[in-house]
Every structure is written in structure tokens, then in C-alpha cells.
Amino acid sequence: QPVSDYLDLALATPVDADPQIWGSIAGNLENIDNYYRGDAKRQAPFREFAIARLAPVFARTGWQAREGEATSVAILRSQLIGVLSGLGDAAVIAEARRRHAAQASNPQAVPVALRKTILAVVAQHADTATWEQLHAAARAEKTPLVKDRLYSMLSITDDEALARRALDLALTDEPGATNSASMISEVSGSHPDLAFDFAVAH
């Protein structure tokens, strides 16, 4: 069936539909967006459509958990932040960056449930200064699980130059041998040709 049939269903879904339905729609719109990778001209109008459908749902969900809310709402909140930022929603990206920067002086700026999600948004859209801050945090981190996560975050950047730095870093002793393959794999998510050529060359 044509994909437009599914988009019609997404258009017909009310904003207050069950969170699990919107979670499914968000995931499918994200998957459709991946088909446009490398074709920015066609991807742009699709992203505009997808953001227009998901933004009102996220406005209803909000950044802050409400007392007594269903687990499905909490899951949807995190998913929508990730999907909307991946689609290039400037408002979501800006708010994630603001919260990440504010947590040094205000621990409440980043709720525990959204810590990994917000960090991923910041890492994906990092500029050089932000990437270097994350790199410094990874080097300084003592908890192995958190340290591994930070090195993984260095590898999901949309910036190709920073992705090259992550690849070069992957083959050093710094992140640890067990992280090397996963870092290269993470880079391949946004830069498949770059990661493939790097893997073959090494």
C-alpha cells in the first residue's frame, strides 16, 4: 500500500489518542524519515509534516512528568523528544540544550527519567565545543556504565568532522577495547559510508 495511506491515518489520529498509539506513529514516522536520508530536498517537506503532527502531542505531554500519570505517558514523552529532535525540531533541540546547560546550577532542570534522552539530543546536535565537553566528561567519569554511555554519545553526532574524530578515538586505548566496535557502529547510524570506509581501512 502507498505510504500516503499511513500518513492519512496519522492525520486522522486525534491528539488525545492513547499514548501507545502515538508512540507507534512517532516510531513509524521516524522510520519513514530514514528512507529520505541523503535526499534533503524530499526529506524537508516530510519532516515538516511529521513535526506538525507530533508537536501538538508533545505539547500535551510536556517536559515535566505529572503526578499520577501513566507509564505510557512517560515513555511517550521520552520517545517524542528523541524523534522530534531527530526530525530537526528546533524548539525541542533548543530546550534540551538549555536544560542540559542548566543542570550544573539546577539539578531539577534534567529529570532523571529524561537524563539519557536529553544527553542524546545534545550529543547528536553537538558543535565542536559541546563535543569536547562531552569528551572531557567521558575521560573524567569513574563509573564504567556512565563512561561507556558517554563514549557512545560522542559517536552519534550529525557533524561529519566530529564523527571522524569519534572514529579515530574508537581505535585508541582511551575508550576501552569493548567500546571500539560499538562506537564505529554508532557513527554508521548517521554516516554509513564514512563508517564503512573506516572499518574497511582499519
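Presented here is an overview of the structure given in this document. (Residues numbered from 1 in each chain as written. Predicted model: local features only at pLDDT ≥ 70, side-chain atom pairs only at ≥ 80, totals over all residues. Heavy atoms only, no water.)

Structural notes on the overall build of the chain
Okay, step 1: Helix and strand counts for the chain come out as eleven helices and zero strands.
Okay, step 2: Along the chain, from the amino end to the carboxyl end, the secondary structure elements read α-α-α-α-α-α-α-α-α-α-α.
Okay, step 3: Its C-alpha radius of gyration of 18 Å places the chain within 12% of the 17 Å reference for a compact globule of 202 residues.
Okay, step 4: For the chain, the spread of C-alpha atoms along the principal axes amounts to about 50 × 40 × 25 Å.
Okay, step 5: Burial analysis of the chain (202 residues in total) assigns 41% to the buried set.
Okay, step 6: For the chain, long-range pairs separated by at least 24 residues make up 58% of all intrachain contacts whose partners lie at least 6 apart in sequence.
Okay, step 7: When the accessible area of the chain is evaluated, it comes to approximately 11100 Å², of which 54% is carbon and sulfur surface. (Helix = DSSP H or I, 4+ residues; strand = E, 2+ residues; numbered from the N terminus. Rg over C-alpha atoms; globule rule 2.2 N^0.38 Å. Buried < 20%, exposed > 50% of the residue type's maximum accessible area, 1.4 Å probe, protein only. Contact = heavy atoms within 4.5 Å. Areas by Shrake-Rupley, 256 points an atom, 1.4 Å probe, with all protein chains shown as cover.)

Topic: the pattern of salt bridges
Okay, step 1: Under the criterion given, the structure shown has seven salt bridges.
Okay, step 2: Taking the shortest distance from any N to any O, the salt bridge between R98 and E95 comes out at 2.8 Å. With R98 and E95 both in helix α5 (residues 90-102) and three residues apart, this pair spans about one turn of that helix.
Okay, step 3: Judged by relative accessible area, R98 falls into the partly exposed class, the value being 45%.
Okay, step 4: Across the pair E160 and R164 runs a salt bridge whose closest N-O atoms are separated by 3.0 Å. In this pair, E160 and R164 are both assigned in helix α9 (residues 160-170), four residues apart and thus about one turn of the helix distant.
Okay, step 5: Since its relative accessible area comes to 41%, E160 is described here as partly exposed.
Okay, step 6: In this structure, a network of salt bridges that share partners links the residues E95, R98 and R99. (Salt bridge = Lys/Arg side-chain N within 4 Å of Asp/Glu carboxyl O.)

Notes on the side chain of H135
Okay, step 1: Following the sequence through the fold, H135 ends up in helix α7 (residues 128-140).
Okay, step 2: There is a polar contact of 2.6 Å between the side chain of H135 and the side chain of E174.
Okay, step 3: Residue contacts for H135: discarding those within four places in its chain leaves Y151, L154, L169 and E174. (Polar contact = N/O pair within 3.5 Å; in protein donor to acceptor, adjacent residues only side chain to side chain.)

Here's the deal with the packing of aromatic side chains
Okay, step 1: If you walk through the whole model with that rule in mind, you get three aromatic pairs.
Okay, step 2: Ring centres of Y36 and F46 lie 5.5 Å apart, and the angle between their planes is 25°; this geometry places the pair in the stacked category. With a gap of ten residues between them, Y36 in the loop between α2 (19-35) and α3 (40-61) and F46 in helix α3 connect regions that are remote in the sequence.
Okay, step 3: Assessed through its relative accessible area of 5%, F46 is described here as buried.
Okay, step 4: Relative to W63, the ring of F58 has its centre 5.4 Å away and its plane inclined at 75°; by these criteria the two rings are edge-to-face. Here F58 and W63 have matching classes, each one buried. (Phe/Tyr/Trp six-rings, centres within 6.5 Å; stacked < 30°, edge-to-face > 60°.)

Side note on the side chain of S180
Okay, step 1: Structurally, the position occupied by S180 is in helix α10 (residues 177-190).
Okay, step 2: Its relative accessible area of 14% is what places S180 among the buried residues.
Okay, step 3: A distance of 2.5 Å separates the side chain of S180 from the backbone oxygen of A170, its partner in a polar contact.

Topic: α2
Okay, step 1: The first and last C-alpha atoms of α2 sit 25 Å apart over 17 residues, in line with the 24 Å expected at 1.5 Å per residue.
Okay, step 2: P19, W22, G23, I25, A26, G27, L29, I32 and D33 are the residues of α2 that are buried. (Expected span 1.5 Å × (residues − 1).)

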